[in-house]
Amino acid sequence: MEISRLPLKSFKFNKWELGGALGDLGTLLPLMVALITLNRMNPTSVFLVVGLTYALSGLFYHLPIPVQPLKAVAAIAIAAGLSASVISASGLIMAAFLLILAVTGLINPIAKLFPRTIVRGIQLGVGLFLIKAGVLLTISRQVVIGGSDAVVGIAHISVPVSLLLAIGCGLALLFFLKKRLLPPSLVILSLGAAVGLAWGSFHGLSTIRLGFSLPALSLPGIADLSTALIVLVIPQIPLTLANAVFAMESTAKTYFGTEARRVTPRALLTTMGIANLAAGLLGAAPLCHGSGGLTAHYRFGARTGGAPLMLGALFIGLAVAVDGNILPILSLIPYAVLGVLTIFVGVRHSLLVTDMRNLPDVLVVAVIATVALITTNLAIGFASGLLLHIALKAGRRYYARAVTT
């Protein structure tokens, strides 16, 4: 993947690109914080690999291509309390799998399993997941990461302070989306940081230690690799192919047209493979490109490779200059702000399905999203929709033959 001489128009560094770059924090930060605090992953490794991957993506794709932790891996690892070594081991296995698909061209026959109807169902499922996650963040009893519970009594009902803050941020978001005076994500993140400081997050800032820090090389053992393969990688593969490859390509083409010519399944597999190789070797969380993240960056103003370069630089700086003590900085952002960002992105991402017109396509899309939401597993939703799609296609062929005979 040679990076050619890049046209100047591919990179803009302004307030809108910065606002767009920060638009996916609602998805990115909660997972990263959970992996660091609950699974004891090295924060320097986690943020450095995310930052480097964002920089690589910006330089190669020239577009605001997102970077996110592998969601199935993160969810299972957090729920099961898996060790950091097992989690990073899954990155090595994912890297091998993704790069083999890219190098051999095996991704081409697999693409036949993902027609546009299936992709739209996956996009709707991702959108609904984002809305659900955002709602949970807005009703959190904690105002900030690591903070104490906070509720207020209204008409004898205990209402989380986060919900009230979310309502205020939501109104501010709608206002600035309409007026376009300032990037709305920057506005509500600034408001949120002010609330975080007022709520006591500034106490944690005193613990920040400035100092150069780099992760050490970390090679997982055979036991870690076998556990990672069975428990983490196998459940993740269908989700990665569905959302991070085929839905990602479709979303990029929808937003950027011919400017997204580099966003191909083979390229996405390659950049994700490189990212996961780095994650596995440096003890970081395995990563992907999520289609919902692209909607986040795009809808909040990002249009060029400048957005991922700015966010990548921010994460790299946090990783190497704060001596592994990043969490007090993140605790400035209240859960409610992350929730509002995530809900907005979920709604906008769900609207990608509005080009589905005929009843069979709408039915397939609805089945994928509904099953995925009920089972909390996009792979099961994909399988259900694919079976229905095949059955409907076979039924139409049978009917056509019956009519002509």
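Quick summary incoming for the structure in this document.

What counts, and where the lines are drawn
Residues numbered from 1 in each chain as written. Predicted model: local features only at pLDDT ≥ 70, side-chain atom pairs only at ≥ 80, totals over all residues. Heavy atoms only, no water. Helix = DSSP H or I, 4+ residues; strand = E, 2+ residues; numbered from the N terminus. Rg over C-alpha atoms; globule rule 2.2 N^0.38 Å. Buried < 20%, exposed > 50% of the residue type's maximum accessible area, 1.4 Å probe, protein only. Contact = heavy atoms within 4.5 Å. Areas by Shrake-Rupley, 256 points an atom, 1.4 Å probe, with all protein chains shown as cover. Lys, Arg positive; Asp, Glu negative; His and termini not counted. Charge placed at Lys NZ, Arg CZ, Asp CG, Glu CD. Expected span 1.5 Å × (residues − 1). Polar contact = N/O pair within 3.5 Å; in protein donor to acceptor, adjacent residues only side chain to side chain. Phe/Tyr/Trp six-rings, centres within 6.5 Å; stacked < 30°, edge-to-face > 60°. Lys NZ or Arg CZ within 6 Å of the ring centre and 35° of its normal. Axes fitted to C-alpha atoms, helices over the stretch in contact; angles between N-to-C directions. Parallel < 35°, antiparallel > 145°, perpendicular 65-115°, else oblique. Nonpolar A, V, L, I, M, F, W, Y, C, P; charged D, E, K, R; others polar. Patch = residues over 30% accessible without salt bridge, like charges linked within 9 Å, V, L, I, M, F, W, Y side chains within 5 Å. Salt bridge = Lys/Arg side-chain N within 4 Å of Asp/Glu carboxyl O. Core = buried A, V, L, I, M, F, W, Y, C linked by side-chain atoms within 4.5 Å.

1. A short note on the overall build of the protein chain
Line of reasoning, step 1. Of the regular secondary structure elements, the protein chain holds 17 helices and four strands.
Line of reasoning, step 2. The C-alpha radius of gyration of the protein chain comes to 21 Å, within 12% of the 22 Å expected for a compact globule of 405 residues.
Line of reasoning, step 3. Summarising its shape, the C-alpha atoms of the protein chain cover approximately 80 × 55 × 45 Å along the three principal directions.
Line of reasoning, step 4. Residues counted as buried form 53% of the 405 residues belonging to the protein chain.
Line of reasoning, step 5. Within the protein chain, counting contacts between residues at least 6 apart in sequence, those at least 24 apart form 85% of the total.
Line of reasoning, step 6. About 17,200 Å² of surface is accessible on the protein chain, with carbon and sulfur atoms providing 69% of the total.
Line of reasoning, step 7. Here the protein chain contributes 27 positive and 10 negative side-chain charges, whose respective centroids are spaced 9 Å apart.

2. Some points on helix H17 (residues 378–404)
Line of reasoning, step 1. The terminal C-alpha atoms of H17, which comprises 27 residues, lie 39 Å apart, in line with the 39 Å expected from a rise of 1.5 Å per residue.
Line of reasoning, step 2. Looking at H17, one finds that the buried residues are Leu-378, Ala-379, Gly-381, Phe-382, Gly-385, Leu-386 and His-389.
Line of reasoning, step 3. Tucked into the core, H17 has its buried residues touching helix H7 (116–138), helix H10 (222–256) and helix H16 (359–375).
Line of reasoning, step 4. Sitting at the head of H17, Asn-377 places a side-chain oxygen 2.9 Å from the backbone nitrogen of Ala-379.

3. Some words on the packing of aromatic side chains
Line of reasoning, step 1. Overall, the coordinates contain nine aromatic pairs when judged by the stated rule.
Line of reasoning, step 2. Three or more aromatic residues joined by ring pairs form one cluster here, namely Phe-47, Tyr-54 and Phe-315.
Line of reasoning, step 3. The aromatic ring of Trp-16 is capped on one face by Arg-180, whose charged end is 4.4 Å from the ring centroid.

4. Some points on the packing of helix H12 (residues 291–299) against helix H15 (residues 335–350)
Line of reasoning, step 1. Two elements in contact, H12 and H15, have axes whose closest approach is 9 Å; the angle formed by their N-to-C orientations is 105°. By the criterion of interaxial angle, the relationship of H12 to H15 is roughly perpendicular. Between H12 and H15, the contacting residues are Ser-291, Gly-292, Thr-295, Ala-296 and Arg-299 on the first element and Phe-344, Val-345, Arg-348 and His-349 on the second.
Line of reasoning, step 2. Across the contact of H12 with H15, the residue classes break down as three nonpolar, four polar and two charged.

5. Looking at the environment of Ala-150
Line of reasoning, step 1. Structurally, Ala-150 can be placed in the loop between H7 and strand S2 (151–154).
Line of reasoning, step 2. You can call Ala-150 buried: its relative accessible area is 8%.
Line of reasoning, step 3. Sequence separation between Ala-150 and Phe-47 is 103 residues, and the spatial gap between their C-alpha atoms is 29 Å.
Line of reasoning, step 4. For Ala-150, the contacting residues outside a window of four places in its chain are Arg-141, Val-143, Pro-160, Val-161 and Trp-199.

6. Observations concerning a nonpolar patch on the surface
Line of reasoning, step 1. A contiguous nonpolar patch, built from Val-152, Ile-154, Leu-164, Ile-167, Leu-171 and Leu-174 and spanning about 530 Å² of accessible area, is present on the exposed surface.
Line of reasoning, step 2. By secondary structure assignment, the location of Ile-167 is in helix H8 (residues 161–179).

7. Overview of the pattern of salt bridges
Line of reasoning, step 1. For the structure on display, the rule yields three salt bridges.
Line of reasoning, step 2. Asp-355 serves as the salt-bridge partner of Arg-120, at 2.9 Å between the closest nitrogen and oxygen. Here Arg-120, found in helix H7, pairs with Asp-355, found in the loop between H15 and H16; they are 235 residues apart in sequence, far enough to count as distant.
Line of reasoning, step 3. Measuring nitrogen to oxygen at the nearest pair gives 3.9 Å for the salt bridge that ties Glu-249 to Lys-253.

8. Concerning the nonpolar core
Line of reasoning, step 1. With 109 residues, the main nonpolar core has Phe-47, Phe-114, Ile-122, Leu-241 and Phe-315 as its most contacted residues.
Line of reasoning, step 2. No other element matches the 15 residues that H10 contributes to this core.
Line of reasoning, step 3. Phe-315 has contacts with Leu-25, Leu-28, Phe-47, Val-50, Gly-51 and Tyr-54, leaving out every residue within four places of it along the chain.

9. Details of a positive patch on the surface
Line of reasoning, step 1. A surface patch of positive charge is lined by Lys-393, Arg-396, Arg-397 and Arg-401.
Line of reasoning, step 2. Within the secondary structure, Arg-397 sits in helix H17.

10. Structural notes on the environment of Ala-279
Line of reasoning, step 1. Within the secondary structure, Ala-279 is located in helix H11 (residues 265–282).
Line of reasoning, step 2. Using a relative accessible area of 0% as the deciding quantity, one classes Ala-279 as buried.
Line of reasoning, step 3. Spatially, the C-alpha atom of Ala-279 lies 18 Å from that of Ile-326, the residues being 47 residues apart in sequence.
Line of reasoning, step 4. Setting aside anything within four residues of it in sequence, one finds Ala-279 in contact with Val-49, Ser-88, Ala-284, Ala-285 and Pro-286.

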